[in-house]
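# Summary of structural features
Residue-level listing of the chains:
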Amino acid sequence: MALVKTVDTELGLIEQAQQGDRNAFGELVRRHYESVVHVVYRMCGEVQLAEDAAQEAFLRAWINLPSFEPRANLRNWLYRIAVNAALDVLRRKSETFVEDEETLMVSDQMPGPEETLIRKEQVELLQRALRNLPEASRSVLVLREYGELSYQEIASVLDIPIGTVMSRLNYARNRLREVLQSHAQEMENAHA
Amino acid sequence: MHEDMRALLNAYLDGELHGWRLLEVQNHLTSCESCRNELRELRAVSDLLRAAPLPEFTPAERFAANLALRLPRRPLKAQLQRGPSLTWWLAPLALMGLWFFVQTLIWLTTVLSLALSGGLLGESFSWISGSAAQSNLFAFLMNLFGGHLGTATQSTLSLLDRLVLFGNSLINQWFWQAIVALLYWLWMAVWWLRTRGRAFLPRLARA
Ligand SMILES: [Zn+2]
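Keep in mind it's a predicted model, so treat the numbers as computed, not measured.

Quick look at the interface of chain A and chain B now. Listed per partner, the contact involves 49 residues of chain A and 41 residues of chain B. Surface buried jointly by chain A and chain B totals about 4300 Å² across both partners, of which 59% is contributed by carbon and sulfur atoms. Interface area lost by chain A to chain B is led by Q55(A), R173(A) and R177(A), which between them contribute 14%. There are seven salt bridges connecting chain A and chain B. Taken together, chain A and chain B are joined by 22 residue pairs in polar contact (both at pLDDT 80 or more). At the level of secondary structure, the elements contributing two or more residues to the side of chain A that touches chain B comprise α1 (2-18), α2 (22-44), α3 (47-64), α6 (114-131), α7 (135-145) and α9 (162-191) of chain A. If you tally residues by element for the side of chain A that touches chain B, the top one is α2(A), at ten residues. Looking at the side of chain A that touches chain B residue by residue, the class counts come to 26 nonpolar, 13 polar and ten charged.

Below, the structure written as structure tokens:
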């Protein structure tokens, strides 16, 4: 019952926003901002870039909203726009300066039990490896892990066949698995 | 077999396998240790990715307020991108219905007049042909001069008159067909402008 009501009002907001109602659009932005900014953050890895990309995405959404089919999934449509906006923002940024890998690597190393430290290292390692993945497989992995979309949804968001979703996801996770393995190898060698 | 199953491990991990494929992978996993290890590692990758902490972002309320200041006036062409209304889509259907109606009418009158002039329908229908088979002018002329003309001349003139009548009705029919076609083409042109033209018009405006 509550779900139906939410869907109903969302549909109403979409239709109002399509007519040019800025307040209705503002409400849609407030509702979807969090999921959009989280996904673009995982694409970019920086808060400022992510918020720029999110802003870009919502601006594009506002302009293209009249062509949106109101009964389709708005969040997935926003993801589609947001992933492209994130890639654009990253491209623009890479033209201005090269990312400083070192600053990302040496982050605050809080003292703690060794196991937690290793896990924290691994988490950071994977975030860096994620950002170094090719755009195509990174988009698929981000939508899967952080957008929590099904393969079918990813296929329609990125406009690719479902087989391509699977192969890109295989590539991405296997690549990260290798990074993790070689890191473990290095740690062993260092201890030996 | 093992390689086929390896390619499905991610889909298995994501709960995207169903039916016999799911059973196949489950069966293979019970017997293949290397696949079990790989699945465990893939799951670790997924868990580590999801464990990454999120930083603080601008709160939604402030983000939306900032965005509102930057929203441009939506261009008019964007508002036209909505699909045409139902009546819009039904217009050609109505036109085609009209077209068929006119065609059927033409066909019926042609058949009927042929049948009448051939006498196929017999005497009982002659009242139809009474008015249709000769013009008022012809009847008037016949009343005035009919007595002075021979039967052969009379029937020749009558045939000519019928031909003129038939021609007139054809021109009438063509006129209506042309109107219908014109309306249909007009509809097509507007439809084209509203869809294809959208991509086309801004370029023209900029040039
Ligand atoms: Zn195996």
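What follows deals with the pattern of salt bridges. For the structure on display, the rule yields 22 salt bridges over all chains. E27(A) serves as the salt-bridge partner of R30(A), at 3.3 Å between the closest nitrogen and oxygen. Remark: E27(A) and R30(A) occur in helix α2; sequence separation between them is three residues, near one turn of the helix. The class for R30(A) is partly exposed, based on a relative accessible area of 29%. Looking at E27(A), the relative accessible area reads 27%, which means it is partly exposed. Taking the shortest distance from any N to any O, the salt bridge between D14(B) and R144(A) comes out at 3.1 Å.

This part is about the packing of aromatic side chains. By the definition in use, this model includes six aromatic pairs over all chains. Judged by centre distance (6.3 Å) and plane angle (15°), the ring pair of Y184(B) and W187(B) falls under stacked. Of the two residues, Y184(B) and W187(B) both sit in helix α10 (residues 151-206), three residues apart, roughly one turn of that helix. The exposure class of Y184(B) is partly exposed, given its relative accessible area of 27%. Under the relative-accessibility criterion, W187(B) is labelled buried at 10%. Pairwise contacts between aromatic rings join Y33(A), F58(A) and F63(B) into one cluster.

Scoring rules and cut-offs
- Residues numbered from 1 in each chain as written.
- Chains lettered and ligands numbered in written order.
- Predicted model: local features only at pLDDT ≥ 70, side-chain atom pairs only at ≥ 80, totals over all residues.
- Heavy atoms only, no water.
- Contact = heavy atoms within 4.5 Å.
- Buried area = accessible area lost by both parts, 1.4 Å probe.
- Salt bridge = Lys/Arg side-chain N within 4 Å of Asp/Glu carboxyl O.
- Polar contact = N/O pair within 3.5 Å; in protein donor to acceptor, adjacent residues only side chain to side chain.
- Helix = DSSP H or I, 4+ residues; strand = E, 2+ residues; numbered from the N terminus.
- Nonpolar A, V, L, I, M, F, W, Y, C, P; charged D, E, K, R; others polar.
- Buried < 20%, exposed > 50% of the residue type's maximum accessible area, 1.4 Å probe, protein only.
- Phe/Tyr/Trp six-rings, centres within 6.5 Å; stacked < 30°, edge-to-face > 60°.

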